[in-house]
Amino acid sequence: MINVTTDREKQLKYTGISEEDLKLLADNKEIFKEVVDEVIDRFYDRVVQEPELVAIIERVSTIERLKGTQKEYWLSLTDGYIDQSFIENRVRIGQVHSRIGLKTEWYLGTYMIYLDIATQVFARVLPHSWQKVVFTLSKMFNFDSQLVLEAYELKEQEQLQTLADHQQHLLQTVTSAVQELAGMIVQLDASTQSIAQTATQTAESQESSHQLLGELKDEIGEISEMRALIKGISDQTHLLGLNAAIEAARAGEHGRGFEVVANEVRKLAAHSRSTLEEIQAKLYALESKVTGVRSESEKTSIQARQQAASSQELASFVQMIDRVTRDLEALKESEISY
C-alpha cells in the first residue's frame, strides 16, 4: 500500500514503484526470510575488504550489530507498504551515515552489491520468477538511494547553515569590535593631540626659559664687569685719600682740614670695597644658582621634546589603528555583500 504526500507519490510513480510491486515483494516474504542470512553474510564479506569501511565500522559499531540492522532493512522491503514513516526512517538512516562520515559513493555502491547478491540468490531459489523480484528490488533500491541523497543534502544544508551562522556571529563580533575600536580611536586621538600640544608648549616654554636664563647669566657677567670698574674707582679713591692724608701731614696745622677730608675719603673707599665684596659674593651665589636652574631647565626641555616626540609616535600609532579599523570595516562589508 502506498500512502504518501502528492510530491512523494509523483516521485514513486517516476521511479516506477507501484502497489503491484509492493505486493510482489510481500508475497515473497518467506523467501526473503530464508535467504536473509546468506545475503547479509555475503554483503559483509564484501564490505570487510575495504579498509576505509572497516575503520568506520570499528569507530561507531560492530559487524554483528550492523548485520542485525541490515536484516531488519532487508525484511522491511517485504512489508508491502510505503508511507511517511517509511520515508522518514530511510532519511534518518541516511543522515546517520552522513554524520559518521560515510561517503555517498560507498552508500550508493551498497545498493549495487545488494542487487548483485540478490540476483544470484533469487536466480537460484526462484528460478521461474526471479527476474520480476530482482527488477522490483532494483526500483526499491533506486528509491532508497534517492532518499539517501536527500538526507545527505539535508545534512550539507545544516552544515552550510551552521557555517553561515558562525560567519554571521563572526561578522557581528567584528562589527562590535570595529565600533568599539572606532570610539576608542576618537578618544585616543583627542588625548594624543592634547598631549602633543601640551608637550610642544612645554618644550617651547622651557626653550624660552632656557634662553632667558642665558640672558640673565650674561647680565650677571656684565654686572661683574661693572663691579670690577667700581672696585677700580674705589681703589683710586682710597689712593687719593691716602695721598691727601700725606700732604695734609706735611702741611702741619694748615693741613688738618684736608686730613679730616682725606680720612673720610679713605673710610668711604674702604666701605665701598667692603660693599663690593659682599656684592661679589652675592653675584657668585646668584650665578651658581642660575647655572643650576639653567641645567635643570635644559633637562626639562629635553624631556619635553622627548615627550613631544613620543606623542607624535602615539599619534602615528592611532593613525595605524584607524587604518586597521577601516580595513576591518571593508572586510565586513565584503563579507556581507558576498
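Note that the structure is predicted; figures quoted are calculated from it, not measured. (Residues numbered from 1 in each chain as written. Predicted model: local features only at pLDDT ≥ 70, side-chain atom pairs only at ≥ 80, totals over all residues. Heavy atoms only, no water.)

## Digging into the overall build of the chain
The cut-off we apply is this: Under the DSSP-based scheme used, a helix requires at least four consecutive residues in state H or I and a strand at least two consecutive residues in state E, with every element numbered from the N terminus. For the exposure calls, accessible area comes from a 1.4 Å probe over protein chains only, and a residue counts as buried if that area is under 20% of its type's maximum, exposed if over 50%, partly exposed in between. Throughout, a contact is declared for two residues whenever any of their heavy atoms are within 4.5 Å.
Along its length, the chain carries nine helices and two strands. Counting helices and strands in the order they occur from the N terminus, the chain gives β-α-α-α-α-α-β-α-α-α-α. Burial status across the chain gives 30% buried among its 338 residues. Contacts spanning at least 24 positions in sequence make up 83% of the contacts within the chain whose residues lie at least 6 apart.

## Some remarks on the packing of helix H5 (residues 63-76) against helix H7 (residues 104-125)
Using the following cut-off: Axis geometry follows a simple rule: fit a line to the C-alpha atoms, using only the stretch in contact for helices, then measure angles between N-to-C directions, giving values from 0 to 180 degrees. Any angle that is under 35 degrees is reported as roughly parallel, and any over 145 degrees as roughly antiparallel; angles of 65 to 115 degrees are reported as roughly perpendicular and all others as oblique. Handedness of a crossing follows from how the near helix is turned relative to the far one, being left-handed for an anticlockwise turn of less than a right angle and right-handed for a clockwise one. Residue polarity follows a fixed list, in which Ala, Val, Leu, Ile, Met, Phe, Trp, Tyr, Cys and Pro are nonpolar, Asp, Glu, Lys and Arg are charged, and the others, Gly among them, are polar.
At their nearest, the axes of H5 and H7 sit 14 Å apart, and the two run at 65° to each other. One element, H5, and the other, H7, form an angle in the roughly perpendicular class. Classified by chirality, the crossing of H7 by H5 is right-handed. Across the interface between the two elements, Gln70, Tyr73 and Trp74 from H5 touch Tyr111, Tyr114, Ala118 and Phe122 from H7. Broken down by class, the residue content of the contact of H5 with H7 amounts to six nonpolar, one polar and no charged.

## Concerning the packing of aromatic side chains
The condition that has to hold: Note on aromatic contacts: the rings of Phe and Tyr and the six-membered ring of Trp form a pair at centre separations within 6.5 Å, being stacked when their planes are under 30 degrees apart, edge-to-face when over 60 apart, and tilted otherwise.
Taken as a whole and assessed by the stated rule, the structure comprises ten aromatic pairs. Where Tyr73 meets Tyr114, the ring centres are 6.3 Å apart and the plane angle is 40°; that geometry is what we call tilted. Residue Tyr73 is found in helix H5, and its partner Tyr114 is found in helix H7; the two are separated by 41 residues along the sequence. The same class applies to Tyr73 and to Tyr114, which are both buried.

## Quick notes on the side chain of Gln11
With respect to the helices, strands and loops of the structure, Gln11 is situated in helix H1 (residues 6-15). Once residues within four sequence positions are removed from consideration, Gln11 is found in contact with Phe143 and Gln146.

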